[in-house]
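Each chain, letter by letter, is given below.
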Amino acid sequence: MSKNSRRVAVLGASGSIGRSALEVVAGSDSRFEAVMLSVHRSTDWLVEQICQMTVRGVSERLKDGRGKPQNSFLPETIIITDPSADRTPLENLPPGIEILFGQDALCDYVRRDDVDIVLSAIVGSAGLRSTWAALEAGKTVALANKESLVMGGSLVTDLARKNGGRVIPVDSEHSAIFQCLRETGWEPNGNDGDGELHRTVERIILTASGGPFRTWPADYLANVTVTDALTHPTWSMGKKISVDSATLMNKALEIIEARWLFNMPASKIGVVIHPQSVIHSLVEFVDGAIIAQMSPPDMRLPIQWALTYPERYEGNATRMDWAKPLTLEFFPPDMERFPALSLGLEVAAVGGTAGAVVNAVNEVAVDAFLRRRLPFRHITTLCQQILKHHDYEMSPTIERLFEIDWWAREEASRWISQ
Ligand code: NAD
Ligand code: MG
């Protein structure tokens, strides 16, 4: 590896984002090194991946004639966050890899001095502790785990600012907004360009594909199956975010994410339905000018930008094919059919403990839907009900948020089992 390559810790390496990130690293011409990979339980996938990397590393070196084969594509460390995961596959690992277990090991690892960038790509509220640990240590966090911001809100961005870290969005919409906002001087360390961001931006507009049910007659939504909900029209993603995209709860979480990431009031955040998923979001300025970022739907680009910011290089993300005709459409969202959107705006407006409650209930509800224990339509209803029912606090600590997360999960499980 080149001396200047940045050392990236990939949290949630076996996921949809994690795997795309490994492709970005492989195509980065040694700009990056994935020095640590974490998985929750998928030890078999991890070992298979590492064995393939060994083969790839050896053949690349032989092909290039750059001296002796070395395992330079290998991670130095792997962390299995669920200590009860099957350890048998680990016996087949090549020697010399440090193997650690548990969430605490992950939090300790991301604080290490020799980690340059932490790619936070764990799914759900489980991602907050390691995001927090990395920001406490003043690291640059490339944040795919939107739940960290939905739960933690300004506590997360304040921590980054205070400790000299930064949060660079990986979520494609927020990456797009970040790219559009650059002329205001906004920086991912919370610097808003001396107020230019709030003076000159009229609103930010998140695009949403509309999910698989955009054109379904409203009464069919009562009969949605798990397979229906997992069939996303434009993106291939993990199960939880696929269901969130079908309820549009994903957009609700993204409204809340944008609220805290850009310190933008909820009243200045809008959503537009854009079924082609080519425009990833837009910023409307006070003079009526709109700047949008467009590219084919491929998460490798926002991941790469989060890792290379402020520089750009070719990379291996899919390119637009300008030889083909392309029509881009925009529709206002149907707030009645998708009540999650109003819920997202409400939570973004009130802050405090509301984000942690909705996030936790949604996670439990999605899990119950995937296990066929909760009808699709009840996912959002349950989030609304428990939000109404909770004792709102305006300025919780991070530990209090974990308690609220726990309470909301228990409540949601109780409602579902009734
Ligand atoms: P995924 O389900 O495909 O992968 C999740 C990863 O997290 C896996 O590596 C898994 O081993 C790990 N994991 C699961 N539970 C864990 C736990 N309790 N503790 C530690 N690790 C755990 O998810 P994904 O689709 O890659 O999404 C990851 C995150 O990125 C989510 O927050 C999602 O909202 C966000 N995101 C994803 C996409 C996408 O295209 N997939 C786009 C934007 C944002
Ligand atoms: Mg997104």
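### Digging into the confidence of the model for the protein
Okay, step 1: Here the protein shows a mean pLDDT of 93. Residues at 70 or above account for 94%.
Okay, step 2: With pLDDT under 50 throughout, residues 64-72 is counted as low confidence; its partners more than four residues away or in other chains account for 12 contacts.

### Re the side chain of K268
Okay, step 1: Inspection of the secondary structure assignment puts K268 in the loop between α11 (249-261) and β9 (269-273).
Okay, step 2: An unpaired buried charge is present at K268: no salt bridge exists, and E202, the closest side chain of opposite charge, is 6.6 Å distant.
Okay, step 3: Here K268 is in contact with H198, V201, E202, R203 and I204, once residues within four sequence places are set aside.

### Some remarks on the sheet that holds strand β5 (residues 117-120)
Okay, step 1: Strand order in the open sheet formed by 7 strands is β4-β3-β2-β1-β5-β6-β7, with parallel pairing between adjacent strands. Two strands lie at the open edges of the sheet, namely β4 (98-101) and β7 (166-169), each paired on one side alone. Pairwise comparison of adjacent strand axes, ignoring direction, gives a mean angle of 20 degrees for this sheet.

### Details of the pairing of β5
Okay, step 1: Neither face of β5 is open: one carries I117 and L119, the other V118 and S120, and all of them are buried.
Okay, step 2: Sheet topology places strand β1 (residues 6-11) next to β5; 4 bridges connect them, and they run parallel. When the bridges of β5 are listed, A9 appears paired with V118.
Okay, step 3: Bridge analysis of β5 against strand β6 (residues 140-143) gives 4 bridges, and the strand direction is parallel. Bridged to V118 within β6 is V141.
Okay, step 4: The parallel pair β5 and β6 is bridged by helix α4 (residues 128-136), and the resulting crossover is right-handed.

### Let's talk about the pattern of salt bridges
A side chain of one charge can pair with a side chain of the opposite charge if their charged atoms are brought near each other.
Okay, step 1: In this structure the tally under the stated criterion is 26 salt bridges.
Okay, step 2: Between D405 and R409 there is a salt bridge whose closest N-O contact spans 3.0 Å. Here D405 and its partner R409 are both found in helix α16 (residues 398-417), 4 residues apart, which amounts to about one turn of the helix. This pair shows no difference in class: D405 is buried, exactly as R409 is.

### Remarks on helix α12 (residues 300-308)
Okay, step 1: Of all 9 residues making up α12, 8 are buried, and the element is well covered by its neighbours.
Okay, step 2: Looking at α12, one finds that the buried residues are R300, P302, I303, Q304, W305, A306, L307 and T308.

### Some thoughts on the site of ligand 1
Okay, step 1: Neighbouring ligand 1 are 23 residues; S14, S16, I17, Q103 and E147 lie closest to it.
Okay, step 2: Within the backbone of I17, an N or O atom sits 2.9 Å from an oxygen atom of ligand 1.
Okay, step 3: For ligand 1, an oxygen atom lies 3.0 Å from a polar atom in the backbone of G238.
Okay, step 4: Protein chains bury 87% of the 830 Å² of accessible surface belonging to ligand 1 in isolation.
Okay, step 5: Each residue belonging to the shell around ligand 1 can be placed in one class, and the counts come to 11 nonpolar, 9 polar and 3 charged.

### Section: the nonpolar core
Okay, step 1: Within the largest apolar cluster, 131 residues are counted, with the highest numbers of intra-cluster contacts made by I204 and F262.
Okay, step 2: For this core, the element with the highest residue contribution is helix α14 (residues 354-370), accounting for 11 residues.
Okay, step 3: Beyond its immediate stretch of four places on either side in the chain, F262 contacts H174, I177, F178, L181, W186, L197, H198 and I204.

### Concerning the sheet that holds β9
One key point about sheets: their strands pair by backbone hydrogen bonds, in either a parallel or an antiparallel sense.
Okay, step 1: Pairing is mixed in the open sheet, where 4 strands are placed in the order β9-β8-β10-β11. This sheet does not close on itself; its edge strands, each paired only once, are β9 and β11 (290-294). If you compare each strand with its neighbour and ignore which way they point, the axes differ by 20 degrees on average.
Okay, step 2: Where α11 meets the sheet, it contacts β8 (201-208) and β9, and its direction lies at approximately 150 degrees from that of β8.

### Here's the deal with the coordination of the magnesium ion (ligand 2)
Okay, step 1: Distances from the magnesium ion (ligand 2) to its protein donors, D171 (OD), E173 (OE) and E254 (OE), fall within 2.1 to 2.2 Å.
Okay, step 2: Site description for the magnesium ion (ligand 2): donor spacing in sequence, D-x1-E-x80-E. With E173 in helix α7 (residues 172-181) and E254 in helix α11, the pair connects residues that are 81 residues apart, well separated along the chain.
Okay, step 3: Under the relative-accessibility criterion, E173 is labelled buried at 8%.
Okay, step 4: The exposure class of E254 is buried, given its relative accessible area of 1%.

### What to know about the side chain of T140
Okay, step 1: In this fold, T140 is placed in strand β6.
Okay, step 2: Judged by its relative accessible area of 15%, T140 is buried.
Okay, step 3: In terms of polar contacts, T140 uses its side chain to reach the side chain of R166, at 3.1 Å.
Okay, step 4: Excluding residues that lie within four positions of it along the chain, T140 makes contacts with D116, I117, V118, R166 and I168.

What counts, and at which threshold
Residues numbered from 1 in each chain as written. Chains lettered and ligands numbered in written order. Predicted model: local features only at pLDDT ≥ 70, side-chain atom pairs only at ≥ 80, totals over all residues. Heavy atoms only, no water. pLDDT = per-residue confidence, 0-100. Contact = heavy atoms within 4.5 Å. Helix = DSSP H or I, 4+ residues; strand = E, 2+ residues; numbered from the N terminus. Buried < 20%, exposed > 50% of the residue type's maximum accessible area, 1.4 Å probe, protein only. Lys, Arg positive; Asp, Glu negative; His and termini not counted. Salt bridge = Lys/Arg side-chain N within 4 Å of Asp/Glu carboxyl O. Pairing = 2+ DSSP bridges. Axes fitted to C-alpha atoms, helices over the stretch in contact; angles between N-to-C directions. Right-handed = clockwise from strand over helix to strand, strands pointing away. Near = heavy atom within 4 Å. Polar contact = N/O pair within 3.5 Å; in protein donor to acceptor, adjacent residues only side chain to side chain. Areas by Shrake-Rupley, 256 points an atom, 1.4 Å probe, with all protein chains shown as cover. Nonpolar A, V, L, I, M, F, W, Y, C, P; charged D, E, K, R; others polar. Core = buried A, V, L, I, M, F, W, Y, C linked by side-chain atoms within 4.5 Å. Donors = N, O, S within 2.8 Å, 3.2 Å for Na, K, Ca; no water.

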